[in-house]
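Survey of secondary and tertiary structure
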Amino acid sequence: TPVPSTTLLEGRICKRAAIPNMPPIHNGSALGYMGTHDPTLLKTQDGQYIHYRTQYNVSASISIDRQTFYKNGSAFPGGIPWARNWTYETPDDIWAPDIHYHNGKYYMYYSAWRGETIAAIGLAISESGRPGEWVDQGMVFNSLNTTFNAIDPDLLIDTDGRWYLVF
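In what follows, the accompanying structure is described. (Residues numbered from 1 in each chain as written. Predicted model: local features only at pLDDT ≥ 70, side-chain atom pairs only at ≥ 80, totals over all residues. Heavy atoms only, no water.)

1. Some thoughts on the sheet that holds strand S8 (residues 135–142)
To keep things clear, this is the line we draw: Here a strand pair is declared whenever DSSP counts at least two bridges between the two strands. Numbering goes from the N terminus for both helices and strands, where a helix is a DSSP run of H or I of at least four residues and a strand is a run of E of at least two. In this description, a line fitted to the C-alpha atoms serves as the axis of each element, helices being fitted only across the stretch in contact, and the angle between N-to-C directions of two axes falls anywhere from 0 to 180 degrees.
Taken together, four strands build an open sheet; the order of strands is S5-S6-S7-S8 and the sheet is antiparallel. Only two strands of the sheet have a single partner each, and these edge strands are strand S5 (95–102) and S8. Direction aside, neighbouring strands of the sheet carry axes that sit 25 degrees apart on average. Across six bridges, S5 lies against strand S6 (residues 105–115) in antiparallel orientation. The partner of tryptophan 95 across the bridge, within S6, is serine 111.

2. Comments concerning a nonpolar patch on the surface
As a reminder of what qualifies: A patch consists of residues exposed above 30% relative accessible area that lack any salt bridge, with like charges linked at up to 9 Å and nonpolar side chains (Val, Leu, Ile, Met, Phe, Trp, Tyr) linked at up to 5 Å. Surface accessibility in these figures is a Shrake-Rupley result with a 1.4 Å probe; residues are shielded only by whichever protein chains are displayed. By convention in these notes, a salt bridge is any Lys or Arg side-chain nitrogen within 4 Å of a carboxyl oxygen on Asp or Glu. Accessible area is worked out with a 1.4 Å probe on protein chains only. A residue is then buried under 20% of its type maximum, exposed over 50%, and partly exposed in between.
A contiguous nonpolar patch, built from Val140, Phe141, Phe148 and Phe167 and spanning about 330 Å² of accessible area, is present on the exposed surface. For valine 140, the position within the fold is in strand S8. Assessed through its relative accessible area of 42%, valine 140 is described here as partly exposed.

3. Focus: unusual backbone geometry
Backbone geometry at asparagine 145 places phi at a positive 60 degrees, although glycine is not the residue there. Within the secondary structure layout, asparagine 145 lies in the loop between S8 and strand S9 (154–157). A relative accessible area of 82% places asparagine 145 in the exposed class.

4. Remarks on the environment of asparagine 72
Within the fold, asparagine 72 resides in strand S4 (residues 70–74). Separated by 22 residues in sequence, asparagine 72 and isoleucine 50 place their C-alpha atoms 9.1 Å apart.

5. Side note on the packing of aromatic side chains
Defined as follows: Two aromatic rings from Phe, Tyr or Trp, using only the six-membered ring of Trp, form a pair when their centres are within 6.5 Å; if the ring planes differ by under 30 degrees the pair is stacked, by over 60 it is edge-to-face, and anything between is tilted.
Taken as a whole and assessed by the stated rule, the structure comprises nine aromatic pairs. Relative to tryptophan 113, the ring of tryptophan 95 lies with its centre 5.4 Å away and its plane at 45 degrees, an arrangement referred to as tilted. Remark: tryptophan 113 occurs in strand S6 and tryptophan 95 occurs in strand S5; sequence separation between them is 18 residues. You can call tryptophan 113 partly exposed: its relative accessible area is 24%. Taken together, a centroid distance of 4.7 Å and an interplanar angle of 55 degrees make the contact between tyrosine 101 and tyrosine 106 tilted. When its relative accessible area of 2% is taken as the criterion, tyrosine 106 is described as buried. Among the aromatic residues, those joined into a cluster by ring pairs are Phe76, Trp82 and Tyr110.

6. A word on the sheet that holds strand S1 (residues 40–43)
If you trace the four strands from one edge of the open sheet to the other, you get S1-S2-S3-S4, paired in antiparallel fashion. Each edge of the sheet is formed by a strand with only one pairing partner; in this case those strands are S1 and S4. On average, each strand axis in the sheet is tilted by 25 degrees relative to the strand beside it, whichever way the strands run.

Nothing here speaks to function; it is all geometry.
Encoded structure:
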């Protein structure tokens, strides 16, 4: 049963240590004071909920009840080396994750943007969907030499099984 978004925002803010070596400013809850940009939420096969968002290599928070989310690292703890040439001021600032589950795997499309039309969309795949367990597949598209930006990807799979990437 779908839960109204207001219910999700009424969750408790919890703090605990995040993964080792994570900058202290990133500890805390997905519902904390830092806000959430470009969120995506998935339910794993073991019943947990993972909230990914724009921030520090696609930050992640995990919940078992969709109300209390605990900061739990990022999708790409070591960053995405190819994307560093495509980001602006913060080299590991990957944007707008979009995650889908298909045929036993999770697919994440994400953006890297430097400014103007210097932007790219990448793809990562995971069997678990959990932070740190994503395998980057590299760039799938960029907007160099165009008049638009390759940002904010969203995968659409039609009723015939065809995949469309909208951005």
